[in-house]
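Chain by chain, the residues:
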Amino acid sequence: MHETIMRCLNLDTDWIEYHAKSSAIITESIEQEQSSLTQAKTERKAFELIRTGYFDKVISKLEDYWENTGKVDLKSRGWLKQLAARAAHYWERTDLS
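Our subject in this report is the structure included herewith. (Residues numbered from 1 in each chain as written. Predicted model: local features only at pLDDT ≥ 70, side-chain atom pairs only at ≥ 80, totals over all residues. Heavy atoms only, no water.)

## Remarks on the packing of aromatic side chains
Logical step 1: Here the structure, examined in full by the defined rule, presents one aromatic pair.
Logical step 2: Here Phe 55 and Tyr 90 contribute two aromatic rings whose centre-to-centre distance is 6.3 Å and whose plane-to-plane angle is 55 degrees, an arrangement assigned as tilted. On the criterion of sequence distance, the pair formed by Phe 55 in helix 3 (residues 55–68) and Tyr 90 in helix 4 (residues 74–90) is long-range, its members being 35 residues apart.
Logical step 3: Exposure remark for Tyr 90: the relative accessible area of 45% places this residue in the partly exposed category.
Logical step 4: Over the ring of Tyr 54 we find Lys 57; its NZ or CZ atom is 4.8 Å from the centre of that ring. (Phe/Tyr/Trp six-rings, centres within 6.5 Å; stacked < 30°, edge-to-face > 60°. Helix = DSSP H or I, 4+ residues; strand = E, 2+ residues; numbered from the N terminus. Buried < 20%, exposed > 50% of the residue type's maximum accessible area, 1.4 Å probe, protein only. Lys NZ or Arg CZ within 6 Å of the ring centre and 35° of its normal.)

Take a look at the structure:
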């Protein structure tokens with residue numbers, strides 16, 4: 001334990017490198033988790049709007065999310081577009097699906 005503390009206090013280059021990598025991994029996972037939670041919240045709102053018949057708002061909300069959120073992967077983007085197409089179908093606006 002003493003050795004670890006001294007490496008930290010002496011700003012040992014190996015310790016700094018290790019700590020930087022560890023921090024980067026933690027930061028990436030937190031950002032990814034936050035992104036997933038934001039997408040889940042958007043999907044939940046879309047389903048709520050579908051249930052209440054606000055199909056135009058569903059499409060608008062989903063399009064806004066996938067166009068303005070930089071971290072939407074291709075599978076998620078496809079899922080969101082499919083969900084918007086479903087709303088367009090329920091709205092009988094197949095030209096939008």
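## Some points on the environment of Thr 69
Logical step 1: Tracing the sequence through the fold places Thr 69 in the loop between helix 3 and helix 4.
Logical step 2: Under the relative-accessibility criterion, Thr 69 is labelled partly exposed at 23%.
Logical step 3: With 31 residues separating them along the chain, Thr 69 and Thr 38 place their C-alpha atoms 9.8 Å apart.
Logical step 4: Of note is the side chain of Thr 69, whose polar atom sits 2.8 Å from the backbone oxygen of Tyr 65. (Polar contact = N/O pair within 3.5 Å; in protein donor to acceptor, adjacent residues only side chain to side chain.)

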